[in-house]
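Observations on the three-dimensional arrangement
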Amino acid sequence: MLHLRKECEGAKSIVISGHIRPDGDCVGSCMAVYLYLKKIMPEADVRVCLEQPPEIFSCIKDFDKIDTEFQIDGEPDVFIALDCEKTRLGEAEAVFDRAKKTINIDHHISNVKGCGEVNYVVPEASSASELVFDVLEEEEMDMEIAKAIYIGMIHDTGIFQYSNTSPKTLQIAAKLIGYGFDFPALIDETFYEKTYVQNQILGRALLESIVFMDGKCIVSYVDRKTMDFYHATSKDLDGVVSQLRLTKGVECAIFMYEIDTLQYKVSMRSCKYVDVSKVASQFGGGGHKRAAGCTMNGTFHDVINNLSRYIEEQM
Ligand code: 5GP
Ligand code: MN
C-alpha cells in the first residue's frame with residue numbers, strides 16, 4: 001500500500017494528471033488527490049492538469065482550477081499519474097519525464113507494472129478513485145474529497161453494477177456517502193442525464209447498429225459528417241457503447257467514431273466472457289476485461305474485420 005502523504009513529504013511542487021479524454025474516474029481521482037494535497041500541504045504548489053473534462057464534472061470542488069493548457073515549466077518535485085500509464089498522459093507526459101519523482105496509481109490491467117518510481121496498480125480495483133481512497137488518511141477526508149472519489153467510483157462501475165464492483169468498493173462507497181453530499185442528484189446529473197443532442201446521436205447510433213456473429217456482436221459508428229451535423233464532440237458519445245451492450249443476446253458491443261479521415265476511436269464492452277482488453281491490446285489500446293478501447297486506421301469495414309478476428313477467437 002502506498003502512503004501518499006509520506007511519498008509527497010518535503011515536495012514543494014506537485015503535478016497531478018490523468019489520461020487524455022478524461023472520464024469520471026480520471027477527473028474524480030485527480031481532483032480527490034488535488035483537494036487532499038492542497039489541504040494537507042498548504043505550502044506546496046499543487047497543480048492538476050487535464051484536457052478539458054466534460055462540464056458535468058463541474059460539481060467537483062475546484063473544477064475551475066484544472067489547468068487545461070498544461071502551463072507547467074521546470075521540473076516538479078513529484079508527478080502523480082492517475083488512472084493511466086505514462087503513454088496516455090497526452091501533453092502531461094513531457095512533465096512526467098521531467099519530474100524528480102513519479103507516482104502511478106492505476107487499475108488498468110494493461111498497465112502491467114506501473115510507470116512510476118512508486119506504483120500502486122491494482123487491476124482488481126473498481127476504479128483509480130477507489131485506490132485513491134486507500135492512499136489518503138481517513139481523518140483528513142471531507143465532503144468535497146469524498147464526493148470526488150464517489151463520482152469516480154460510480155462512473156467506472158456503472159453505479160456499482162459492473163463486475164469490477166467488489167465488497168470493498170461498496171464498503172468504501174458506504175463511508176463516502178456518510179459525508180453527506182447529495183448522491184442521488186450526483187448520479188442523475190453526472191451519469192444518467194443526457195443533453196438533447198446526446199440523446200439524438202444515441203438514437204442514430206442505435207438505429208444504424210448492425211448485429212453479427214449470430215447476434216453475439218453488435219457494432220455501430222458515427223462519422224464526422226453526422227458529428228458535425230449535430231455539433232457533437234466525442235464527449236457527447238459517452239454511454240452509446242453501454243447501451244449497445246444491453247441488446248439481448250449480445251456478448252460484445254463495439255462503438256466507433258471517426259477522429260480523423262480513416263481513423264476511428266473504438267470502444268468495446270462485453271458481458272460475460274470476452275476479454276475486450278486483450279482485443280484492444282492487439283491494436284495498441286488497452287483497458288479492462290469488460291471495457292476497453294483503442295484507435296484504429298482503415299475503413300469501417302477494415303476495422304470491424306480486424307477486431308472480429310480476435311473477438312471470434314474468444315467466442
Ligand atoms: P472507453 O471505451 O470508455 O473510452 O474506455 C474504456 C476503458 O478502456 C477505459 O478504462 C479506458 O481508460 C480504456 N481505454 C480506452 N481507450 C484506450 C486506449 O486507446 N488505450 C488504452 N491503454 N486504454 C484505453
Ligand atoms: Mn478508471
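The paragraphs below set out a description of the structure included in this document. (Residues numbered from 1 in each chain as written. Chains lettered and ligands numbered in written order. Predicted model: local features only at pLDDT ≥ 70, side-chain atom pairs only at ≥ 80, totals over all residues. Heavy atoms only, no water.)

Thoughts on the site of ligand 1
Surrounding ligand 1, one finds 13 residues, the nearest of these being Arg88, His108, Lys265, Ser267 and Arg269. Taking Arg88, its side chain carries an N or O atom lying 2.9 Å from an oxygen atom of ligand 1. Separating an oxygen atom of ligand 1 from a side-chain N or O atom of His108 is a distance of 2.8 Å. Sorting the residues of the shell around ligand 1 by element identifies strand 9 (263–270), strand 10 (286–287) and strand 11 (291–297) as the ones contributing at least two each. The leading source of residues in the shell around ligand 1 is strand 11, at four residues. Considering only residue class, the shell around ligand 1 consists of three nonpolar, seven polar and three charged. (Near = heavy atom within 4 Å. Polar contact = N/O pair within 3.5 Å; in protein donor to acceptor, adjacent residues only side chain to side chain. Helix = DSSP H or I, 4+ residues; strand = E, 2+ residues; numbered from the N terminus. Nonpolar A, V, L, I, M, F, W, Y, C, P; charged D, E, K, R; others polar.)

A look at the packing of aromatic side chains
Given two aromatic rings, one states the distance between the centres and the angle between the planes to describe the pair. Inspection of the entire model under this criterion finds nine aromatic pairs. When the ring of Tyr221 is compared with that of Tyr264, the centres are 6.0 Å apart and the planes differ by 70°; the resulting orientation is edge-to-face. One end of the pair, Tyr221, is in strand 7 (residues 217–222); the other, Tyr264, is in strand 9, and 43 residues separate them in sequence. The class of Tyr221 is partly exposed, set by a relative accessible area of 29%. With 5.6 Å between their ring centres and 80° between their planes, Phe283 and Tyr310 make a pair best called edge-to-face. Within this pair, whereas Phe283 is found in the loop between helix 11 (276–281) and strand 10, its partner Tyr310 is found in helix 12 (residues 300–314), the two being separated by 27 residues in sequence. Assessed through its relative accessible area of 19%, Tyr310 is described here as buried. Members of the aromatic cluster, each reached through a chain of ring pairs, are Tyr150, Phe160, Phe181 and Phe183. (Phe/Tyr/Trp six-rings, centres within 6.5 Å; stacked < 30°, edge-to-face > 60°. Buried < 20%, exposed > 50% of the residue type's maximum accessible area, 1.4 Å probe, protein only.)

Thoughts on the state of the cysteines
Tallied over the full model, the rule gives zero disulfides. With no disulfide partner, Cys84 has as its closest neighbouring cysteine sulfur the one in Cys26, 6.5 Å distant. With no disulfide of its own, Cys115 lies closest to Cys84 among cysteine sulfurs, the gap being 6.8 Å. (Disulfide = S-S within 2.5 Å.)

What to know about the nonpolar core
Side chains of nonpolar character tend, in soluble globular proteins, to be buried together. By size, the foremost hydrophobic cluster in this structure holds 56 residues, and its most contacted members are Leu4, Ile14, Ile16, Leu37, Ile80, Ile149 and Leu176. The element contributing the most residues to this core is helix 2 (residues 24–40), with 11 residues. With residues near it in sequence (within four places) discarded, Ile14 still touches Cys8, Leu37, Met41, Asp45, Val46, Arg47, Val78 and Ile80. Judged by nonpolar contacts, the second largest core, of 23 residues, contains Val219, Cys252, Met256 and Ile304. (Core = buried A, V, L, I, M, F, W, Y, C linked by side-chain atoms within 4.5 Å. Contact = heavy atoms within 4.5 Å.)

Things to note about the pattern of salt bridges
In the structure shown here, the tally under the stated rule is 13 salt bridges. The shortest N-O distance in the salt bridge between Lys86 and Glu93 comes to 3.5 Å. Salt-bridge contacts for Lys168 lead to Asp134; the nearest nitrogen and oxygen are separated by 2.9 Å. Highlighted residues: Lys168 in helix 6 (residues 167–177) and Asp134 in helix 4 (residues 128–135), separated in sequence by 34 residues. For Asp134, a relative accessible area of 15% puts it in the buried group. Salt bridges linked by common partners bring Arg5, Glu137 and Glu140 together as one network. (Salt bridge = Lys/Arg side-chain N within 4 Å of Asp/Glu carboxyl O.)

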